Amino acid sequence: MGSAKKSSASRTARIEEMRRAEQARDRRNRILVVAASVVVVAGLVAGGVALVRSQSDDGGSTAADDSRSAGRFVTGADGVRAWKGTLDRNHVTKTVDYPVTPPVGGDHNPVWMNCDGDVYEDEINATNAVHSLEHGAVWVTYNGDAPERDVEALAAKVKKTPYTLMSPVDGQKDPLVLTAWGHQRTVTGADDPAVDAFLEKFVQGQQTPEPGAACTNGLSK
C-alpha cells in the first residue's frame, strides 16, 4: 500500500512539474511572438521561401511511404506491445496508411492534437494524434464494444492527467487500448492496474521523441 501511494505521489508530482514547464514555455512563446511581429513584414518574403523549402524537405505535401513504418509488435512480460521496426517522423499533410490501428508512430500531420487531458467524443485524425504521441502523450482509445462505465471512468482519469488524450477509434480490434510512441497495450477496464502502470511509464516516458514539447495550442477537434 505504501509503495502504491509513493508511486501515485511521484506521478502526480511529475505531472505537475510538466504542467508548470509547459505553462512557462507558453509564456516564453507569447513573448517571442510579440518580438517577432516587429520584424515580420521585412522578413515576409524570405520567411515564405524558407517555409516552402522546409515543407518540401519534410514531405509536407506528400503521403507517407508505408514501407518506412514496416515492423512488428513484440509483447513483453508486462503485456505491453513494443513496435520493432522503423517509425519515421516526417510531417505530411495527406492521409497515412498506418500498419496498425491505432497507430503507434510514423509520419504525421504538422499540427498535433491537444493532449492536456483532452477527451474527444468523436473520432480524430490519426495523423494529428500521432504527432501528440511524438510529444510524449498517451492516447486512450475505445471502440463500440467498450462498456460505457469504463469509457466514463477513463475519461475522468484522462481529464486529470496532462499529456494524455482520449477518443473513439471504431477500427480498433479491442474495446480499450492505450498507446504511446512505439508502445501499446489492451486493458480490460478502467480499474485494470495496467492503466495506471502504462500512464506512469509512458506519459513523457523514455520513448518520447520530443520530450517537453507542447500538448496545447494544437488542434482541438
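Residues numbered from 1 in each chain as written. Predicted model: local features only at pLDDT ≥ 70, side-chain atom pairs only at ≥ 80, totals over all residues. Heavy atoms only, no water.

**Q** How should the overall build of the protein be read in this particular structure?
**A** In terms of helices and strands, the protein carries five helices and seven strands. Ordering the α and β elements of the protein from the N terminus gives α-α-β-β-β-α-β-α-β-β-β-α. Classification of the 221 residues of the protein by burial places 44% in the buried group. For the protein, contacts bridging at least 24 residues in sequence account for 69% of all contacts bridging at least 6. Entry remark: accessible area of the protein is about 12000 Å², with carbon and sulfur atoms responsible for 53%. (Helix = DSSP H or I, 4+ residues; strand = E, 2+ residues; numbered from the N terminus. Buried < 20%, exposed > 50% of the residue type's maximum accessible area, 1.4 Å probe, protein only. Contact = heavy atoms within 4.5 Å. Areas by Shrake-Rupley, 256 points an atom, 1.4 Å probe, with all protein chains shown as cover.)

**Q** What should I look at first to understand the packing of aromatic side chains in this one?
**A** What characterises a pair of aromatic rings is the spacing of the ring centres plus the angle enclosed by the ring planes. Counted by the stated rule, this structure contains two aromatic pairs. Measuring from ring centre to ring centre gives 5.1 Å for Phe 73 and Trp 83, while their planes differ by 85°; the resulting arrangement is edge-to-face. Of this pair, Phe 73 sits in strand E1 (residues 71-75) while Trp 83 sits in strand E2 (residues 81-85), placing them 10 residues apart in sequence. Taking the relative accessible area as the measure of exposure, Phe 73 reaches 23% and is therefore partly exposed. Look at Trp 83 and you get buried, because its relative accessible area is 11%. Geometrically, the ring pair formed by Phe 198 and Phe 202 is tilted, given 4.5 Å between the ring centres and 45° between the ring planes. Of this pair, Phe 198 and Phe 202 both sit in helix H5 (residues 193-202), four residues apart, which is roughly one turn of the helix. One cation-aromatic arrangement involves Arg 81 over Phe 73; the distance from NZ or CZ to the ring centre is 5.6 Å. (Phe/Tyr/Trp six-rings, centres within 6.5 Å; stacked < 30°, edge-to-face > 60°. Lys NZ or Arg CZ within 6 Å of the ring centre and 35° of its normal.)

**Q** Looking at this structure, I do not really get the pairing of strand E5 (residues 164-168). What am I missing?
**A** The two faces of a sheet get side chains in turn, since along a regular strand they alternate between them. Buried residues dominate E5, accounting for five of its five residues. Side-chain alternation along E5 places Thr 164, Met 166 and Pro 168 on one buried face and Leu 165 and Ser 167 on a second face that is also buried. Alignment of strand E3 (residues 116-119) against E5, held across three bridges, turns out to be parallel. In the sheet register, Asp 118 faces E5, and the bridge partner there is Leu 165. Pairing between strand E4 (residues 138-142) and E5: five bridges, direction parallel. Across the sheet, Thr 141 pairs through a bridge with Ser 167, a residue of E5. For the crossover from E4 across helix H4 (residues 148-159) to E5, the handedness is right-handed. (Pairing = 2+ DSSP bridges. Right-handed = clockwise from strand over helix to strand, strands pointing away.)

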